[in-house]
Amino acid sequence: GAVVSQHPSRVICKSGTSVKIECRSLDFQATTMFWYRQFPKKSLMLMATSNEGSKATYEQGVEKDKFLINHASLTLSTLTVTSAHPEDSSFYICSATPGSEGETQYFGPGTRLLVL
Amino acid sequence: GENVEQHPSTLSVQEGDSAVIKCTYSDSASNYFPWYKQELGKRPQLIIDIRSNVGEKKDQRIAVTLNKTAKHFSLHITETQPEDSAVYFCAASLGGYQKVTFGTGTKLQVIP
């Protein structure tokens, strides 16, 4: 199967700082990637659809100025949590679809963010 | 938008018994239904998927059924093993590169 990586795997930051999370498709090109947020013992909530070379599409209720998404290449999308606050602490996970295997989405390992 | 409901939220079975998880969806245009298994702290892993032109699909101990008319689909795991213990998510999508909407998850515990 296809491989999606994320970096960092976990990050601790102070309130008010910004944090960048990278999502990479290692063995395929991805024109579309998805960013999810998952709270403990909860489901995956789609935050936004990241489109290579164009603006991301955000889900209702997700602040686009808070969660900046850049999809500058066919293998890399980044999510920047700006001016992070403790309520932004969560598990952030990305996914991508290779296309060569139909609609199957492959997930990255996730990034655990803790804002102090 | 799409809404996916999943039941039960928790399920405990004895090793060797079967487990069934049920989901319903709201958007009749959805035509791709994947199931994911997520172990604690890990990424979701696809275990089986079904498309709307198929009513049933089986892969060893795992099977999925789809009723398009009723807009519900189910996951069946037979001969459960302790390593099947995890959280299972159903999902629905319009297919292609479209976004996937997840159900609320079912925590399955297989008791040895």
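Each chain has its residues counted from 1, running along the sequence as written. Chain letters start at A and ligand numbers start at 1, both assigned in the order the entries are written. Only residues with pLDDT of at least 70 get local features here, since the model is predicted, and only at 80 or more are side-chain atom pairs given and counted; chain-wide, interface and lining totals rely on the full set of residues. Working from all heavy atoms in the structure, the side-chain values ignore hydrogens and water.

### As for the overall build of chain B
Note on conventions: DSSP H or I runs of at least 4 residues are helices, E runs of at least 2 residues are strands, and numbering of each starts at the N terminus. Along the backbone of chain B there are 0 helices and 11 strands. Along chain B, helices (α) and strands (β) appear in the sequence β-β-β-β-β-β-β-β-β-β-β when read from the amino end. For this measure, only C-alpha atoms enter the radius of gyration; the expected value for a globule follows 2.2 Å times N^0.38, where N is the number of residues. The C-alpha atoms of chain B give 13 Å as radius of gyration, which agrees with the globular expectation for 112 residues (13 Å, within 12%). With respect to the three principal axes, the spread of C-alpha positions in chain B is 40 × 30 × 20 Å. Classification of residues uses two cut-offs on accessible area relative to the type maximum, computed with a 1.4 Å probe and protein chains only: under 20% is buried, over 50% is exposed, and between them is partly exposed. A buried classification covers 42% of the 112 residues belonging to chain B. We call two residues in contact whenever any of their non-hydrogen atoms come within 4.5 Å of each other. Look at the contacts in chain B between residues 6 or more apart in sequence, and 53% of them connect residues 24 or more apart. As presented, chain B carries roughly 5,700 Å² of accessible surface, and 47% of it is formed by carbon and sulfur atoms. Values of accessible area rely on a 1.4 Å probe in the Shrake-Rupley scheme; residue burial ignores everything except the protein chains shown.

### A closer look at the sheet that holds strand 1 (residues 4-7) of chain B
Residue and element names in this part refer to chain B. Strand order in the open sheet formed by 5 strands is 1-3-8-7-6, with antiparallel pairing between adjacent strands. If you trace the sheet from one side to the other, it starts and ends with strand 1 and strand 6 (56-59), each paired once. Strand-to-strand twist across the sheet, computed as the mean angle between neighbouring axes with direction ignored, equals 15 degrees. Relative to strand 7 (residues 62-67), strand 6 runs antiparallel, the two sharing 4 bridges. Residue pairing across strands places D59 opposite I62, the latter belonging to strand 7. Note: two strands are recorded as paired if DSSP finds a minimum of 2 bridges between them. Helix axes are fitted to C-alpha atoms over the stretch in contact, other axes to C-alpha atoms as well, and angles between N-to-C directions run from 0 to 180 degrees.

### Considering the pairing of strand 9 (residues 90-96) of chain A
Residues and elements named next belong to chain A. For strand 9, the buried fraction is high: 7 of the 7 residues fall into the buried class. With burial as the criterion, each face of strand 9 is covered, one bearing S90, Y92, C94 and A96 and the other bearing F91, I93 and S95. Bridge analysis of strand 4 (residues 32-38) against strand 9 gives 6 bridges, and the strand direction is antiparallel. Of the residues in strand 9, the one forming a bridge with M33 is A96. Here strand 9 pairs with strand 11 (residues 111-115) via 3 bridges, running antiparallel. Looking at strand 11, one finds that S90 is bridged to L113. Relative to strand 10 (residues 106-107), strand 9 runs antiparallel, the two being bridged by 2 bridges.

### Some points on the sheet that holds strand 3 (residues 19-25) of chain A
All names here are of chain A. Strand order across the open sheet formed by 4 strands is 1-3-8-7, with antiparallel pairing between neighbours. Only two strands of the sheet have a single partner each, and these edge strands are strand 1 (4-7) and strand 7 (67-73). Between one strand axis and the next, the sheet turns by 20 degrees as a mean value, whatever way the strands run. Direction of pairing for strand 1 relative to strand 3: antiparallel, over a ladder of 4 bridges. Bridge pairing in strand 3 links S5 to R24.

### Section: the packing of aromatic side chains
Residues and elements named next belong to chain A. Two aromatic rings from Phe, Tyr or Trp, using only the six-membered ring of Trp, form a pair when their centres are within 6.5 Å; if the ring planes differ by under 30 degrees the pair is stacked, by over 60 it is edge-to-face, and anything between is tilted. Within this structure, the stated rule accounts for 11 aromatic pairs over all chains. Consider the rings of F67 and Y92, whose centres lie 6.3 Å apart with planes at 45 degrees: the pair is tilted. Taken as a pair, F67 in strand 7 and Y92 in strand 9 lie far apart in primary sequence, 25 residues in all. Each member of the pair, F67 as well as Y92, carries the same accessibility label: buried.

### A look at the nonpolar core
Residues A:V4, A:W35, A:L79, A:Y92 and A:L113 are the most contacted members of the largest nonpolar core, which totals 25 residues. Looking at this core, the elements that each hand over two or more residues are strand 2 (10-13), strand 3, strand 4, strand 5 (44-51), strand 7, strand 8 (76-81), strand 9 and strand 11 of chain A. Every residue in contact with A:V4, bar those within four places of it in the chain, is listed here: A:C23, A:R24, A:F28, A:C94, A:A96, A:Y106, A:F107, A:G108, A:P109 and B:R43. Put simply, a nonpolar core is a bunch of buried Ala, Val, Leu, Ile, Met, Phe, Trp, Tyr and Cys residues held in one set by side-chain atoms that sit within 4.5 Å of each other. Listed in part, the 24 residues of the second largest apolar core include B:C23, B:I48, B:I62 and B:A92.

### A look at the state of the cysteines
Disulfides are defined as pairs of cysteine sulfur atoms found within 2.5 Å of each other. This structure, assessed with the given rule, holds 2 disulfides over all chains. For A:C23, the disulfide goes to A:C94, at an S-S distance of 2.0 Å. The sign of the S-S torsion, about 85 degrees, decides the handedness of the disulfide formed by A:C23 and A:C94: right-handed. Note that A:C23 is positioned in strand 3 and A:C94 in strand 9, a separation of 71 residues in sequence. Here A:C23 matches A:C94 in class, with each residue buried. The partner cysteine of B:C23 in its disulfide is B:C90, sulfur to sulfur 2.0 Å. The disulfide joining B:C23 to B:C90 has a torsion of about -100 degrees about its S-S bond and is therefore left-handed. Residue B:C23 is located in strand 3 (residues 19-25), and its partner B:C90 is located in strand 9 (residues 86-93); the two are separated by 67 residues in the primary sequence. The exposure class of B:C23 is buried, given its relative accessible area of 1%. Classification of B:C90 as buried rests on a relative accessible area of 0%. Free of any disulfide, A:C13 has its nearest neighbouring cysteine sulfur in A:C94, separated by 18 Å. The exposure class assigned to A:C13 is buried, which follows from its relative accessible area of 10%.

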